[in-house]
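One-letter residues, chain by chain:
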Amino acid sequence: MGILDYYVVLGLTRSVSDADIKKSYRKHALKNHPNRNHEPGAEEKFVHLAEAYDVLSNAKLRAVYDQFGEEGLKRGVPLINDDDETNFTVGYTFHGDAQKVFRDFFGGSNPFADYFAGVVSDPVTGLGGLQGKHSACKQDLPIERELALSLEECFHGCTKKMKISRRVMNEDGHSSSIREKILTIHVKKGWKAGTKVVFSKEGDQGPNRIPADLVFVTVDKPHPRFRREATDLIHMATVNLGEALTGCTIEIITLDTRKLRIPINEIIRPGYCKIVKGEGMPGSSNSEEKGQLIIEFNIQFPSQLSQEKKQLLKRALLS
């Protein structure tokens, strides 16, 4: 591919506004769409239009292109740091998917869908049939995202601010743009992993479509001291063999930063658990009711023993 002049590709001058760029891309992309224009060179023109719009519609890329041309845009431009060392920015590479640029611009593969909903191919436009202006729109499928929460956040409750980017139709009714939005999630005490928070119609907008619901699904972050099963908290305590046989006291810092000192008077055998009631997670329906704290044990055996200690153990355990 030779050097492209993006302004020439779109039939524009360098002084054009963003609105002019959108208007020109819309006009030429519709004219040269492969489903509509089967003349030689139309498909290549369609790709060039997509690349030109991809660059000129981005303020940062357009500024680099205007100053350094296509070569500087694609190879990177020099940056001088405080040590007078010269580094280069990452060069631009067009992803090559002209259809994606087209879909993102129009909010769908058929720019006429907002006015004529149908599925039968139209021999004139090649972009879909004309079966009635008031056909019912279908809502896009829900979009699910993970919401990772720490056990402390689920224990106390908290407020999470989630930034999303979505495609919104512009005022001209034809083009669209990416906009950011902050969604607020009020996490209640005791929320379990798998809790779903639904924001209605916060998905991408587009012609002849109802935006999808955005669904956040909670997942537990790994915790250094606990894992959760329903409303119970499980803690793994490591004890040595002597403590397992003679008893010990386990210290645990709770999720609300209290220090529990739990005496273990029983012999800790494989599979033994100590249960402390009321020290688990709050319930999602009644935060005053808490689950159990379950202490599991990892018994560490000595790697070696002296003859004297072996004789002492034999007398204590085998006599």
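Above this note sits the structure.
Residues numbered from 1 in each chain as written. Predicted model: local features only at pLDDT ≥ 70, side-chain atom pairs only at ≥ 80, totals over all residues. Heavy atoms only, no water.

1. Concerning the nonpolar core
The test is simple: Residues belong to a common nonpolar core when they are buried Ala, Val, Leu, Ile, Met, Phe, Trp, Tyr or Cys residues joined through side-chain atoms within 4.5 Å. In this scheme, a residue with accessible area under 20% of its type's maximum is buried, one over 50% is exposed, and one in between is partly exposed, where area comes from a 1.4 Å probe on protein chains only. In what follows, a contact means two residues having at least one pair of non-hydrogen atoms within 4.5 Å.
Ranked by internal contacts, the top residues of the largest apolar core, which has 34 residues, are Ile185, Phe216, Leu293 and Phe297. What phenylalanine 216 contacts, discounting residues up to four positions off in sequence, is Arg145, Glu146, Leu147, Met162, Ile164, Leu183, Ile185, Thr195, Lys196, Val197 and Phe199.

2. Quick notes on the pattern of salt bridges
Close approach of charged atoms allows side chains of opposite charge to pair. For the record, the criterion: Here, a salt bridge means any side-chain nitrogen of Lys or Arg that lies within 4 Å of a carboxyl oxygen of Asp or Glu. A run of H or I in DSSP becomes a helix once it reaches four residues, and a run of E becomes a strand once it reaches two; helices and strands are each numbered from the N terminus.
Scanning the entire structure with this criterion turns up 19 salt bridges. A salt bridge links arginine 166 to glutamate 202; the nearest nitrogen and oxygen atoms lie 3.6 Å apart. In this pair, arginine 166 is assigned in strand β5 (residues 158-169) and glutamate 202 in the loop between β7 (196-199) and β8 (209-210), connecting sequence segments 36 residues apart. A salt bridge links glutamate 279 to arginine 258, with the nearest nitrogen and oxygen atoms 2.7 Å apart. Taken as a pair, glutamate 279 in the loop between β14 (273-276) and β15 (293-300) and arginine 258 in the loop between β12 (248-253) and β13 (259-264) lie far apart in primary sequence, 21 residues in all.

3. A short note on the layout of surface pockets
Counted only if it meets this: A cavity here means a set of points on a 1 Å grid, drawn over the protein atoms and nothing else, where a 1.4 Å probe fits but cannot get out; a pocket is an open set with protein on both sides within 12 Å along at least five of seven lines, and a residue lines either one if it has an atom within 4 Å of a point. Grid points are joined across faces, edges and corners, and a volume is the space filled by probe spheres set on the points. Throughout this entry, Asp, Glu, Lys and Arg are counted as charged residues, while Ala, Val, Leu, Ile, Met, Phe, Trp, Tyr, Cys and Pro are counted as nonpolar. The remaining residues, Gly among them, count as polar.
Size it by volume and the largest pocket reaches roughly 480 Å³. In terms of residue count, the dominant contributor to the lining of the largest pocket is helix α5 (residues 98-106) (four residues). Estimated volume of the second largest pocket: approximately 150 Å³. What lines the second largest pocket is Asn240, Leu241, Gly242, Leu245, Thr246, Gln300, Pro302, Leu305 and Leu313. No other element matches the four residues that helix α7 (residues 241-246) contributes to the lining of the second largest pocket. Residue composition of the lining of the second largest pocket, grouped by class: five nonpolar, four polar and no charged.

4. Considerations on the packing of aromatic side chains
Given two aromatic rings, one states the distance between the centres and the angle between the planes to describe the pair. Counted only if it meets this: Stacked, tilted and edge-to-face are the three classes applied to pairs of Phe, Tyr and Trp rings, where Trp contributes its six-membered ring and a pair requires centres within 6.5 Å; stacked means planes under 30 degrees apart, edge-to-face means over 60, and tilted covers the rest.
In this structure the tally under the stated criterion is eight aromatic pairs. Between tyrosine 53 and phenylalanine 105 the ring centres are 5.3 Å apart and the planes differ by 90 degrees, which places this aromatic pair in the edge-to-face class. Taken together, the residues span a long stretch of sequence, with tyrosine 53 in helix α3 (residues 42-56) and phenylalanine 105 in helix α5 at a distance of 52 residues. Ring centres of phenylalanine 199 and phenylalanine 216 lie 5.9 Å apart, and the angle between their planes is 90 degrees; this geometry places the pair in the edge-to-face category. Residue phenylalanine 199 is found in strand β7, and its partner phenylalanine 216 is found in strand β9 (residues 214-220); the two are separated by 17 residues along the sequence. Phenylalanine 199 sits in the buried class, given a relative accessible area of 16%. Judged by relative accessible area, phenylalanine 216 falls into the buried class, the value being 2%.

5. Describing the sheet that holds β14
To keep things clear, this is the line we draw: Only strands that DSSP links by at least two bridges are regarded as paired with each other. Between N-to-C directions, angles span 0 to 180 degrees; the directions come from axes that are lines fitted to C-alpha atoms, helices contributing only their stretch in contact.
Taken together, the four strands give an open sheet; going across it, the order is β10-β11-β15-β14, and neighbouring strands pair in mixed fashion. Of all strands in the sheet, those bounded by a partner on one side alone are β10 (227-229) and β14. With direction set aside, neighbouring strand axes in the sheet form an average angle of 30 degrees.

6. Some thoughts on the state of the cysteines
How we decide: Two cysteine sulfurs form a disulfide in these notes if their separation is within 2.5 Å.
Using the criterion set out here, one finds zero disulfides in the structure. With no disulfide of its own, cysteine 154 has cysteine 158 as its nearest cysteine by sulfur position, at a separation of 7.2 Å.

7. Comments concerning a nonpolar patch on the surface
Heads up, the condition is: Note that patches include only residues with greater than 30% relative accessible area and no salt bridge, and the join distances are 9 Å for like charges and 5 Å for nonpolar side chains (Val, Leu, Ile, Met, Phe, Trp, Tyr). Here the open area of atoms and residues is found with the Shrake-Rupley method and a 1.4 Å probe, where only the protein chains shown may cover a residue.
Together, Leu245, Ile267, Leu305, Leu313, Leu317 and Leu318 make up a nonpolar patch on the protein surface, roughly 570 Å² of accessible area in all. By the element assignment, leucine 317 lies in helix α8 (residues 307-317).

8. A look at the sheet that holds β9
Pairing within the open sheet is mixed, and its three strands lie in the order β4-β9-β7. What marks the edges here is a single partner per strand, and that holds for β4 (143-149) and β7. Across the sheet, the axes of successive neighbouring strands diverge by a mean angle of 25 degrees, strand direction being ignored. The pairing of β7 with β9 spans four bridges and is antiparallel. Within β9, the position partnered with lysine 196 by the bridge is valine 217.

9. Some thoughts on unusual backbone geometry
Of note in the backbone geometry, lysine 201 takes a positive phi value of approximately 55 degrees without being a glycine. Within the secondary structure layout, lysine 201 lies in the loop between β7 and β8. Of note, the phi angle at threonine 257 is positive, near 70 degrees, even though the residue is not glycine. Turning to its location among the elements, threonine 257 is positioned in the loop between β12 and β13. Looking at threonine 257, the relative accessible area reads 66%, which means it is exposed.

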